[in-house]
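The primary structure of each chain is shown beneath.
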Amino acid sequence: MKRIRHWIWFALVVAWMAVIFLFSSQNAEQSSAISGGITEQVIRLFYPEFDRCLWTQQEEILARMTFLVRKTAHFTEYGVLGFLLSGWLSNVPASSKLRRLGREKSAWMIGTVYAVGDEIHQMFGDGRAARLFDVCVDSIGTAAGILAFLLVCRIGTCCAGWRRTRK
């Protein structure tokens, strides 16, 4: 059963890496269209009077929210990757080199190396660039995903123990 879980987690990791790769494959215009649509929804939610603001205020709000939406997307993409990597590595045999290094360290290193590769990949897209800041955001997102996985496991362990004591 553990072997099946291992391959399921692995497939989820590979699928999510493919999703990240596809987002990075977009040119600047496509990427901006997606983030622009999300930014518009966020602005409508948090700034209902946006249309009544001065043009200069609108530009400032738009720039700030675009930055926030784009970095949140990076953080979230890699948070999911960190969670999935943790799930996969928790099912890797204990004799594996990845396990001996430590599941959390291995998951973080894989996520961070993938983030570096992702930024390099973006350099080849029209109008796209590689940014060290994005690698940092991605790396922090990976760490957050790993912590979320550990928290879920901890809660699951506590809940499982609690259910046993109630029977």
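This text follows the structure it describes.
Residues numbered from 1 in each chain as written. Predicted model: local features only at pLDDT ≥ 70, side-chain atom pairs only at ≥ 80, totals over all residues. Heavy atoms only, no water.

Novice: Honestly, the overall build of the chain in this entry has me stumped. Any pointers?
Specialist: Helix and strand content of the chain: six helices and zero strands. Seen in sequence order, the chain has helices and strands lined up from the N terminus as α-α-α-α-α-α. Buried positions account for 32% of the 167 residues belonging to the chain. Residue pairs in contact within the chain that sit at least 24 positions apart in sequence constitute 68% of those at least 6 positions apart. (Helix = DSSP H or I, 4+ residues; strand = E, 2+ residues; numbered from the N terminus. Buried < 20%, exposed > 50% of the residue type's maximum accessible area, 1.4 Å probe, protein only. Contact = heavy atoms within 4.5 Å.)

Novice: Quick question: what am I supposed to make of helix α1 (residues 2–24) here?
Specialist: Three or four residues apart is the spacing at which side chains of an α-helix point the same way, because the helix has 3.6 residues per turn. Helix length check: α1, at 23 residues, gives a terminal C-alpha distance of 33 Å against a target of 33 Å (1.5 Å per residue), a fit within 8%. Looking at α1, one finds that the buried residues are H6, W9, V13, M17, I20 and S24. (Expected span 1.5 Å × (residues − 1).)

Novice: Got a minute to help me understand the pattern of salt bridges in this structure?
Specialist: With the rule as written, the count across this model stands at three salt bridges. For R44, the salt bridge identified is with D51, shortest N-O distance 3.3 Å. (Salt bridge = Lys/Arg side-chain N within 4 Å of Asp/Glu carboxyl O.)

Novice: Looking at this structure, I do not really get the nonpolar core. What am I missing?
Specialist: Note that soluble globular proteins tend to have their nonpolar side chains buried in a common cluster. Within the largest apolar cluster, 16 residues are counted, with the highest numbers of intra-cluster contacts made by V13, L81, L85 and W88. When contributions to this core are tallied by element, the ones reaching two or more residues are α1, α3 (55–89), α5 (103–122) and α6 (132–166). For this core, the element with the most residues is α3, which contributes six residues. (Core = buried A, V, L, I, M, F, W, Y, C linked by side-chain atoms within 4.5 Å.)

Novice: Help me understand the side chain of Q26 in this model?
Specialist: One can find Q26 in the loop between α1 and α2 (28–46). A relative accessible area of 15% places Q26 in the buried class. When sequence neighbours within four positions are dropped, the list of residues in contact with Q26 reads S31, I34 and R128.

Novice: Quick question: what am I supposed to make of the environment of M17 here?
Specialist: Position of M17 among the secondary structure elements: in helix α1. In this structure, the C-alpha to C-alpha distance between M17 and E77, residues 60 residues apart in sequence, is 9.2 Å. Filtering out sequence-adjacent residues up to four positions away, M17 remains in contact with L81, I110 and Y114.

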